[in-house]
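Reading the structure
Each chain is listed here by its residues.
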Amino acid sequence: VVLAASITNKSGKALVSRQFVDMSRIRIESFLAAFPKLVGTGKQHTYVETENVRYVYQPIESLYLLLVTNKQSNILEDLETLRLLSKLVPEYSVSLDEEGICKTAFELIFAFDEVISLGHKENVTVAQVKQYCEMESHEERLHKLVMQSKINETKDVMKRKASEIDKSKIEKNRGEKGGFMPLQSMGSGRIESGFGSDMNISSSGTGFGSGSGFGLTTDVDSFASKPKGRPPSSATAPPKGLGMQLGKNQKANQFLESLKAEGEVILEDVRPSTGPSRSAAPPLTDPITLSVDEKLNVTLKRDGGVSNFDVQGTLSLQILNQEDGLIQVQVETGGNPGILFKTHPNINKDLFSNENILGLKDPNRPFPTGQSGDGVGLLKWRMQSVDESVVPLTINCWPSVSGNETYVSIEYEASSMFDLQNVVISVPLPALREAPSVKQIDGEWRYDSRNSILEWSILLIDNSNRSGSMEFVVPPADSSVFFPISVRFSAANTFSDLKVTNVLPLRGGPTPKFSQRTLLSTENYQVV
């Protein structure tokens, strides 16, 4: 039975100590204090016995990793436990000296607890211990839920307060005008309120028998600043001079700032703009647009070979004007024998098989117009293979441990079939306190500390850089930590090489203007 595990220095001072059985602290400390006197110099064995206990130890640079067991304990099992603990210590401690061990004392104790339970070794590996120690805490998740609930409750309170302030200002403004009229008789009106945005009340109508308009606007900036450049409200604008504005709620802002100082993430509500979004896709300008889109799902083996390769493509049609709906689409396939095409149920299959023309079964029926998103699908296809030569991008990862560091070399090789754009290779890393040391890279890199991922970015891969490499250094880690590697990219040509050659009007007349968009993108691309 293992009585205790400890990391001590040469003088016998315990830097990290964990007791596993019911025994007084003074007795455990006396065992640890006696250890330096029992260790001799120049001896080859790594254990020493007294009348009561056995010390099984292993030097770690200037320190000792020590197990205190009873004399009936199985020494072979104790040596195996000691070897497992010696692998765990470098995983959590960056430097194997007194300062490094003390900084990671709690992490090491938690790891020891996963290896030894009630004095006996658990059947676990280094990777399993790290996974158990890094698992999400239920108490932490519960604490975050409670904090979010408090924030949401505060938002509701501020909404009610803002509404009360607004109503009181309305009543006060009515009194100052020498009379009032029921809110229901003000004609049309609009009330918008939101936490983190301003509150507008705009109304218009007849009043006081004069036929003059009556308007009121109240702005309450509660928890966020008013956005600049906002378009004017669609409601009737109030006459100048009758509006009233309140300043920012300073207490509310101070409350949010205090929450931010404590590390809480505050999501501020933003009123949706009435104008078009800048990040939205550009509007269609041509009367007819045909989009060729292929999604790539690939799983590569880390030692070479293809585990899964699947390409799924679609040809979709978007028509702006209804008068352009009576058409047929002439296409040209690339002749790839591995691709299987499948038409929409409403498409004339014989016409496509014989003449490569996509047209409806009923020629008098027009295609739908004004389709949002990707439009209406005309054709689908799929390609599957286990041939590594068709893979557009292969990744090789070579981790190697040298002393207290792990050197990781990663290289990519791109096929000449495609010019790849916006390539991002995401490599998972062990939990680090600092960013990895990148020694060499073809491209740019970014370290995501929250998810412990190193992202390698290449803007364009063409004939000038069909291969490239990156090398970085991290603390000692198992090679399986760096997998799976995820990859994403896009390309302007596809595996099917499908092209739209012509659009044929069914009622005669000139050929309508059309455009074609082609995109190959990754959906799930990994090296496992």
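Going by the structure above, here's the rest.
Below: a short report on this structure. Keep in mind the model is a prediction, meaning the values are calculated, not measured.

Two elements in contact, helix α4 (residues 105-115) and helix α5 (residues 126-134), have axes whose closest approach is 10 Å; the angle formed by their N-to-C orientations is 120 degrees. Relative to α5, the element α4 lies oblique. The two elements α4 and α5 cross, and the hand of that crossing is right-handed. Residues Phe110, Ala111, Glu114 and Val115 of α4 form the contact with α5, whose own contacting residues are Val129, Tyr132 and Cys133. Partitioned by chemical class, the residues of the contact of α4 with α5 number 6 nonpolar, no polar and 1 charged.

Our next topic: the packing of aromatic side chains. All told, the structure shown has 11 aromatic pairs when counted by the stated rule. Centre to centre, the rings of Phe35 and Tyr57 are 5.3 Å apart; their planes meet at 65 degrees, and the pair counts as edge-to-face. Of this pair, Phe35 sits in helix α1 (residues 25-38) while Tyr57 is found in strand β4 (residues 53-60), placing the two residues 22 residues apart along the sequence. The class for Tyr57 is buried, based on a relative accessible area of 6%. Between Phe35 and Tyr64, the aromatic rings sit 5.5 Å apart at their centres with planes inclined by 85 degrees, giving edge-to-face as the arrangement. Placement of the pair is Phe35 in helix α1 and Tyr64 in strand β5 (residues 63-70), with a sequence separation of 29 residues.

Now for the nonpolar core. By size, the foremost hydrophobic cluster in this structure holds 65 residues, and its most contacted members are Phe309, Leu315, Leu393, Ile425, Phe472 and Phe482. For this core, the two domains that each supply at least three residues are domain 2 (288-388 + 495-527) and domain 3 (393-491). When sequence neighbours within four positions are dropped, the list of residues in contact with Leu393 reads Leu300, Tyr412, Glu413, Ala414, Leu420, Val423, Ile461, Val487, Phe489 and Tyr525. Counting residues in hydrophobic clusters, the runner-up holds 29 residues, among them Ile60, Leu84, Leu85 and Ile109.

The next subject is unusual backbone geometry. In this structure, Pro484 follows Phe483 across a cis peptide bond, with omega equal to 0 degrees. Assignment of secondary structure puts Pro484 in the loop between β24 (467-474) and β25 (485-491). In this structure, Asn422 is a non-glycine residue whose phi angle is positive, near 50 degrees. Classification of Asn422 as partly exposed rests on a relative accessible area of 47%.

Within the secondary structure, Ala431 sits in the loop between β20 (420-428) and β21 (437-441). Residue classification places Ala431 among the exposed residues on the basis of a relative accessible area of 59%. Between the C-alpha atom of Ala431 and that of Val474, which follows or precedes it by 43 residues, the distance is 9.9 Å. With sequence-adjacent residues up to four places away left out, Ala431 is seen in contact with Glu134 and Ser452.

Bringing a nonpolar patch on the surface into the picture now. Together, Leu142, Leu145 and Val146 line one region of the surface with nonpolar side chains, adding up to about 270 Å² of accessible area. Secondary-structure assignment places Val146 in helix α6 (residues 138-176). Residue Val146 is classed as partly exposed on the basis of its relative accessible area of 39%.

Calculation criteria
Residues numbered from 1 in each chain as written. Predicted model: local features only at pLDDT ≥ 70, side-chain atom pairs only at ≥ 80, totals over all residues. Heavy atoms only, no water. Axes fitted to C-alpha atoms, helices over the stretch in contact; angles between N-to-C directions. Helix = DSSP H or I, 4+ residues; strand = E, 2+ residues; numbered from the N terminus. Parallel < 35°, antiparallel > 145°, perpendicular 65-115°, else oblique. Left-handed = near helix turned anticlockwise from the far one by under 90°. Contact = heavy atoms within 4.5 Å. Nonpolar A, V, L, I, M, F, W, Y, C, P; charged D, E, K, R; others polar. Phe/Tyr/Trp six-rings, centres within 6.5 Å; stacked < 30°, edge-to-face > 60°. Buried < 20%, exposed > 50% of the residue type's maximum accessible area, 1.4 Å probe, protein only. Core = buried A, V, L, I, M, F, W, Y, C linked by side-chain atoms within 4.5 Å. Domains from an automatic or database assignment. Patch = residues over 30% accessible without salt bridge, like charges linked within 9 Å, V, L, I, M, F, W, Y side chains within 5 Å. Areas by Shrake-Rupley, 256 points an atom, 1.4 Å probe, with all protein chains shown as cover. Salt bridge = Lys/Arg side-chain N within 4 Å of Asp/Glu carboxyl O.

Remember, this is a structural readout, not a statement about activity or role.
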